[in-house]
Amino acid sequence: KPSASPAFGFSSCGRNSCHHLAMKSFARVLVGAAVVGFAAGETVTPVQKVIQLLDGMLAKGKEEKHAEEIEFAKFQAWCDSTRKATTKSIEEGAAQITQLDADIAKSESDAEVLGQEIDELEGKIAQAKSEAASANALREKEHGDYMAQHQDLSESIDACEKAVSVLKSRGTDVPQSLAQVRSSPKIPAHAIEVIESFLAMNAGQEPKANAYEFQSGGVVEMLEKLTGKFKDQRFALQKAEMNAKSNYEMLLQQLTDSIHTDESRSSEKSASKAGKLSDAANFKGDLEVTEKTKAEDEKTLSDTKTSCNAKSVEFEQNQVTRAEEIKAIKNAMEILSSDAVSGNSETPLPSLAQVHAKGRALAQLRSSVQNDGDIRQKAAAYLQGRAKDLGSRYLSVMASRVTEDPFGKVKKMLKDLIVKLMEEANSEADHHAYCTSEVATNKMTREDKSSEAEKLSADTDQLTATEAQLASEITELSDAMAELQGARAEATKNRGEEKGTNIKTIADSKEAQVAVEQAIAVLREFYGKETDAPSLLQAGKTGAAATAKRSTHREPYTGMGSSSGGILGLLDVILSDFARLETETSSSEDQAQSAYEKYMNESDEDLAVKGTTVEHKASKKQQTEESLRSTQKELSLTQQELDAAMSYYDKLKADCVDNNLSYEDRVSMRKEEIQSLKEAMRILNGDDSLM
């Protein structure tokens, strides 16, 4: 027998070498059987001994062939399972590598985009800080200029008002008061000339009352006009300062908000960039592990294919050799069992064994002729007893026919029955080998398909849950986007309405300011008409004649100037209120517009993020749906294969599964039947030693 391979018990010899060894073994059996038969001088002929040995070889060859088929079926199932699992692992690895490459590219791209956005934000922050510093410096300069001008105007107004009061009260400090007015930086040149002329005329003498009133009246009127003018200038200066301060505060607030917003966004994007880079690093690590695992799986698959192909070729060669060996043994047994060999071999052969056993053979021949009836009775009794013990209908039939049929016919029937039982044994051995192989293969198939169906069913449930979760998340994001779009539309509508109201308020305030200024100008123009300045200057030249003339002149009506001061003051307050309303409304409008733009920018970014998330989840949902359809299809095919395997197993059970007697019991009983028939043949041949 060729040596068995350690891998699943396969023969390690080739087809030709196995065939050669089988023929040599067969030849040794024939020679050994002949030597044993003739040397022993037994009644069993050499041919019968050879048939017995060949029968043992046939059973052993079939058993080994069957065992090799079972081992190869297990090995083939292992190959199929390993190839399938490894191929699936390679495909999953390739898909995972593709996904990881895409994830790495996306993470790095996102990180690069975030880096650019961070640089832009840092540039905007630096620019905003620079603008804020410039605004602060400009504001300090403007405020300094304002304070200086305001102080000059206030000092001029105080000097003019004090001078008017002194002039009207004819106080002794008139020159000092007028000198203070003259030294004020805001006093125009022509006013300085009038003051100096007045001081020159009254220098060193005490003017009379009428002359003083005439001379001081023009100066007082001029000073009052200057006071009103300075107040208008101071009011305009205060208004400009208030507007400048409001604009500065609004600009500074906008810059501060922009800096805080950009710094917050920069921090968020920096964290997001760090997260993206970390994700890319993790993806790269996973990619390295996946590529290494895929390479190992590919090597395993290649080695498995090589090994399985080699073992498959070796198994096929061994099976062909074993089948030819079994066929050769069967042919030899058929030839040796034919009448041409078995019938002639029963006669004594011309050999040395015949010479030694001559007397015994003649005695047996005579005894057989004389005691033929007794021998048949003994054979019939023996067969009947064995038939009863074994429950064999064949032995029972033969027992009944031994006593009825002629001696030669019974022997032929025994031979035919032995051949038939051997053929049944060979047929059942082939059927048992087929059943064993098919049942084992079917069991492996059922177990594999059941396990695969359970896994696919679990995968289907998981993919279904994932798909439902993604659909729910997409719906939530879509609802949030729709709600945000509605809020943006509402904010745009409210901003438009608010802007229209503010624009109208500002326009109305400006229009009201113009109207109030016009009213103030009209009143001041009427009540602030100057007296004839040249008369004041010429008063010193006319002498007593002019004084006498003025003393007889009656003053004309100049209007209700004394009561107009309260109205003008009230109009100044109203003008200031309209100016403040314009400034505050403009500032409120700018702040509302800034807040609106900030909200729109943030909501744009939020919508973009949500939109990207929806697209990503929709893509993932589509992939999940495709995987689910593929898994469901694979599950359906696997279930069909499992159902087919179960159906085939039901058929195998009816044909292959033992219900009463096992295969080993049937083989043992058949061997005993054959042995009993052979013993009966010996008895019929005259050898009753076994009885």
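Just so it is clear, the model here is predicted, and its values are computed rather than measured.

Draft legend 1. Representation of the overall build of the protein within the structure. Counting its secondary structure elements, the protein contains 14 helices and zero strands. The order of helices and strands in the protein, counted from the N terminus, is α-α-α-α-α-α-α-α-α-α-α-α-α-α. In the protein, buried positions account for 33% of the 691 residues. Considering only contacts within the protein whose residues lie at least 6 apart along the sequence, 86% involve residues at least 24 apart. Surface summary for the protein: the accessible area is close to 40400 Å², and the carbon and sulfur share equals 54%.

Draft legend 2. Layout of the packing of aromatic side chains. Tallied over the full model, the rule gives three aromatic pairs. Measuring from centroid to centroid gives 3.8 Å for Phe 72 and Phe 315, while their planes differ by 5°, and the two rings are stacked. Of this pair, Phe 72 sits in helix H2 (residues 46-169) while Phe 315 sits in helix H5 (residues 209-337), and the two are 243 residues apart along the sequence. No difference in accessibility class separates Phe 72 from Phe 315, as the two residues are buried. What links up through ring pairs into an aromatic cluster is the set Phe 72, Phe 75, Trp 78 and Phe 315. Geometry around Tyr 649 places Arg 446 over its ring, the cationic atom sitting 3.9 Å from the centre.

Draft legend 3. View of the pattern of salt bridges. Applying the stated criterion across every chain, the model contains 31 salt bridges. The closest approach of N and O atoms between Arg 495 and Glu 589, which form a salt bridge, is 2.8 Å. Taken as a pair, Arg 495 in helix H11 (residues 407-527) and Glu 589 in helix H13 (residues 561-656) lie far apart in primary sequence, 94 residues in all. As far as burial versus exposure is concerned, Arg 495 and Glu 589 are alike and both buried. Two residues, Lys 610 and Asp 606, come together in a salt bridge whose shortest N-O distance is 2.7 Å. In this pair, Lys 610 and Asp 606 both sit in helix H13, four residues apart, roughly one turn of the helix. For Lys 610, a relative accessible area of 19% puts it in the buried group. Connected through salt bridges with shared partners, the residues Lys 84, Lys 449, Glu 452 and Glu 641 form a single ionic network.

Draft legend 4. Highlighting the environment of Leu 421. As for its position among the elements, Leu 421 is in helix H11. Considering only alpha carbons, one finds Leu 421 and Arg 670, 249 residues apart in sequence, at a separation of 7.1 Å.

Draft legend 5. A look at the nonpolar core. With 22 residues, the main nonpolar core has Leu 178, Val 181, Leu 223 and Leu 226 as its most contacted residues. For this core, the elements supplying multiple residues, two or more each, are H2, helix H3 (174-182), helix H4 (189-201) and H5. Broken down by element, this core gets its largest block of residues, eight residues, from H2. Non-local contacts of Leu 226, meaning those with residues more than four positions away in its chain, are made with Cys 160, Ile 187, Pro 188 and Ala 191.

Draft legend 6. Highlighting the environment of Ala 595. Mapped onto the elements of the fold, Ala 595 is located in helix H13. Through-space distance from the C-alpha of Ala 595 to that of Asp 257 is 9.4 Å; in sequence the pair is 338 residues apart.

Draft legend 7. Structural context of the side chain of Glu 467. Here Glu 467 shows up in helix H11. Excluding its chain neighbours within four sequence positions, the residues that come into contact with Glu 467 are Lys 621, Thr 624, Glu 625 and Leu 628.

Draft legend 8. Representation of helix H14 (residues 663-684) in the model. With 22 residues, H14 ought to run about 32 Å at 1.5 Å a step, and its terminal C-alpha atoms sit 31 Å apart, in line with that. Among the residues of H14, those classed as buried are Tyr 663, Arg 670, Glu 673, Ile 674, Ser 676, Leu 677, Lys 678, Glu 679, Ala 680, Met 681, Ile 683 and Leu 684.

Draft legend 9. Inspection of the state of the cysteines at higher detail. According to the stated counting rule, one finds one disulfide in the structure shown. Note that Cys 79 is cross-linked by a disulfide to Cys 308, the S-S spacing being 2.0 Å. One disulfide, between Cys 79 and Cys 308, carries an S-S torsion of -95° and so falls in the left-handed class. Here Cys 308 lies in helix H5 and Cys 79 lies in helix H2, a separation of 229 residues in the sequence. For Cys 308, a relative accessible area of 4% gives the class buried.

Draft legend 10. Main features of the side chain of Gln 319. Of note, Gln 319 is situated in helix H5. The exposure class of Gln 319 is buried, given its relative accessible area of 11%. Within polar-contact distance, the side chain of Gln 319 engages the side chain of Lys 65 at 3.3 Å.

Draft legend 11. Expanded view of the confidence of the model for the protein. Averaged over all residues, the pLDDT of the protein is 76; the fraction at 70 or higher stands at 72%. H2 holds the highest mean pLDDT among the elements of the protein, 87, whereas helix H12 (residues 533-551) holds the lowest, 38. Taken together, the stretch residues 1-42 has pLDDT below 50 and engages in 60 contacts with residues farther than four places along the chain or on a different chain.

Procedures and definitions
- Residues numbered from 1 in each chain as written.
- Predicted model: local features only at pLDDT ≥ 70, side-chain atom pairs only at ≥ 80, totals over all residues.
- Heavy atoms only, no water.
- Helix = DSSP H or I, 4+ residues; strand = E, 2+ residues; numbered from the N terminus.
- Buried < 20%, exposed > 50% of the residue type's maximum accessible area, 1.4 Å probe, protein only.
- Contact = heavy atoms within 4.5 Å.
- Areas by Shrake-Rupley, 256 points an atom, 1.4 Å probe, with all protein chains shown as cover.
- Phe/Tyr/Trp six-rings, centres within 6.5 Å; stacked < 30°, edge-to-face > 60°.
- Lys NZ or Arg CZ within 6 Å of the ring centre and 35° of its normal.
- Salt bridge = Lys/Arg side-chain N within 4 Å of Asp/Glu carboxyl O.
- Core = buried A, V, L, I, M, F, W, Y, C linked by side-chain atoms within 4.5 Å.
- Expected span 1.5 Å × (residues − 1).
- Disulfide = S-S within 2.5 Å.
- Polar contact = N/O pair within 3.5 Å; in protein donor to acceptor, adjacent residues only side chain to side chain.
- pLDDT = per-residue confidence, 0-100.

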